[in-house]
Every structure is written in structure tokens, then in C-alpha cells.
Amino acid sequence: MTLKELSDIQRQFDERHESDFQWDTTISQDNIPMLGFTLLALSGEVGESSNLVKKIWRGDCSLREKQAELQEEIADIFAYLLKLTYQLDFDLEQAYLEKNRKNYERFAKYAKDDK
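Below is a summary of the structure that appears in this document. Owing to the predicted nature of the structure, the values given are computational and were not obtained by experimental measurement.

Along the protein chain, the regular secondary structure elements total 4 helices and 0 strands. Here the C-alpha atoms of the protein chain give a radius of gyration of 18 Å, more than 25% beyond the 13 Å that 2.2 N^0.38 yields for 115 residues. Along the first, second and third principal axes, the C-alpha set of the protein chain runs to 55 × 40 × 30 Å. Across the 115 residues that make up the protein chain, the buried fraction comes to 23%.

As C-alpha cells, this is what we get:
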């Protein structure tokens with residue numbers, strides 16, 4: 001399954017989401033607050049993941065104990081990324097490949113010479 005297909009699944013879910021909030025709103029110059037809200041929600045999920053890692057790191061629990069919970073939080077992060085791709089109408093796969101190419105050019109001098 002492609003990221004585009006997953007983005008379409010997320011859009012379909014958001015269109016059917018029973019809430020007073022319109023989760024499937026396209027983001028444009030006319031509704032920048034929606035971009036802010038979606039990024040805030042994404043940040044919240046990153047924060048929840050970070051909080052779990054903090055508890056694991058300080059020894060309150062083990063990674064094994066929190067693995068399923070951490071997996072759910074990371075899946076939530078991914079859902080918001082998918083949401084942003086259709087709300088902003090861009091291809092995440094292409095954006096990633098382009099960014100990866102730029103990073104390779106930028107950081108190639110740090111790569112080990114395999115020869």
C-alpha cells in the first residue's frame with residue numbers, strides 16, 4: 001500500500017468522523033488556523049510518545065511493557081502526517097524522496113567511504 005492510499009484512507013475516516021469539528025478541511029491561506037490546529041494535535045501526539053519514553057528512560061517501566069502503547073502513539077503521529085498530506089494536497093512520498101536527496105547532498109561529506 002502506498003502513502004497516497006493510506007492518506008486516502010485517513011481522509012475517508014476524517015470525512016465520516018462524528019464530531020462538530022471538521023477534521024477533513026483542506027488547508028489554504030483562508031484557513032491557516034486549521035494548519036495550526038493540526039500541527040498542535042501532531043505535537044500533542046509527539047509529546048505523548050515522548051512522555052512514554054521519559055518513563056522508560058528513568059526506569060519507571062520497561063520498553064517491553066510500554067511497546068504497544070508507544071506503537072499506538074507513533075501510529076497517531078503517522079495519522080496526523082497523513083492528514084496533513086491531503087489537507088495541504090501534497091505527495092509525502094515525493095516530498096520525502098526530494099528531502100532525502102537534499103540531505104544526502106548536504107551530509108554526503110560525513111558518509112563513510114565504503115571503498
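Here the narrative resumes, following the displayed structure.
Trp 23, Ile 27, Met 34, Ala 41, Leu 42, Ile 77, Tyr 80 and Leu 84 form the largest nonpolar core, which has 8 residues in total. Elements with a contribution of two residues or more to this core: α2 (32-57) and α3 (63-87).

Right, let's talk about the side chain of Glu 73 for a bit. For Glu 73, the location among the structural elements is in helix α3. No salt bridge is formed by the buried Glu 73, whose closest oppositely charged neighbour, Lys 66, lies at an N-O distance of 9.7 Å. Leave out the neighbours within four places in its chain, and Glu 73 touches Glu 45, Glu 48, Ser 49 and Leu 52.

Glancing now at the side chain of Asp 14. Inspection of the secondary structure assignment puts Asp 14 in helix α1 (residues 3-16). When near neighbours in sequence (up to four residues on either side) are disregarded, Asp 14 contacts Trp 23, Asp 24, Lys 83 and Tyr 86.

It is the contact of α2 with α3, at a shortest axis distance of 9 Å, that shows an interaxial angle of 165 degrees. Considering their axes alone, α2 and α3 lie roughly antiparallel with respect to each other. In terms of crossing hand, the pair formed by α2 and α3 is left-handed. Here the residues of the contact of α2 with α3 are counted per class, giving 16 nonpolar, 3 polar and 7 charged.

In this section: the packing of aromatic side chains. Going through the model one piece at a time under the given rule, you end up with 4 aromatic pairs. Aromatic pair Trp 23 and Tyr 80: ring centres 6.4 Å apart, planes at 55 degrees, arrangement tilted. With Trp 23 in the loop between α1 and α2 and Tyr 80 in helix α3, the pair connects residues that are 57 residues apart, well separated along the chain. A residue is classified by how much of its surface remains accessible, and Tyr 80, at 14% relative accessible area, is buried. By the ring-pair criterion, three or more aromatic residues cluster together here, those being Phe 21, Trp 23, Phe 37 and Tyr 80.

Here the focus is the environment of Ser 19. Note that Ser 19 resides in the loop between α1 and α2. There is a polar contact of 3.1 Å between the side chain of Ser 19 and the backbone nitrogen of Phe 21.

Calculation criteria
The written sequence of each chain sets the order in which its residues are numbered from 1. Predicted model: local features are reported for residues with pLDDT of at least 70 only, side-chain atom pairs are reported and counted for 80 or more only, and whole-chain, interface and lining totals are derived from all residues. Only hydrogens and water are removed before side-chain values are computed, so all heavy atoms of the structure are retained for them. A run of DSSP states H or I qualifies as a helix once it reaches four residues; a run of E qualifies as a strand once it reaches two. Both are numbered from the N-terminal end. This radius of gyration counts C-alpha atoms alone. The globule rule is 2.2 Å times how many residues there are, raised to the power 0.38. Remark: exposure states derive from per-residue accessible area (1.4 Å probe, protein chains only) relative to the maximum for the residue type, with buried under 20%, exposed over 50%, and partly exposed in between. We call a set of buried residues a nonpolar core when its members are Ala, Val, Leu, Ile, Met, Phe, Trp, Tyr or Cys and they connect through side-chain atoms within 4.5 Å of each other. Neither His nor the chain ends contribute to the count of charged residues, in which Lys and Arg are positive and Asp and Glu negative. We define a salt bridge as a contact between a side-chain nitrogen of Lys or Arg and a carboxyl oxygen of Asp or Glu at a distance within 4 Å. Whether two residues touch is decided by their heavy atoms; if any such pair falls within 4.5 Å, the residues are in contact. Fitted lines through C-alpha atoms give the axes, limited to the stretch in contact for helices. The angle between two N-to-C directions lies from 0 to 180 degrees. Put simply, angles under 35 degrees are roughly parallel, angles over 145 are roughly antiparallel, angles from 65 to 115 are roughly perpendicular, and the rest are oblique. Definitions for this section: a left-handed crossing has its near helix turned counterclockwise from the far helix by less than a right angle. A right-handed crossing has that turn clockwise. Polarity classes work like this: nonpolar for Ala, Val, Leu, Ile, Met, Phe, Trp, Tyr, Cys and Pro, charged for Asp, Glu, Lys and Arg, and polar for all others, with Gly in that last group. Only Phe, Tyr and Trp rings are paired, with Trp represented by its six-membered ring, and only when their centres lie within 6.5 Å; those with planes under 30 degrees apart are stacked, over 60 edge-to-face, the remainder tilted. Polar contacts, as used here, are pairs of N or O atoms within 3.5 Å; protein pairs need one atom able to donate a hydrogen and one able to accept it. Residues neighboring in sequence count only if both atoms are side-chain atoms.

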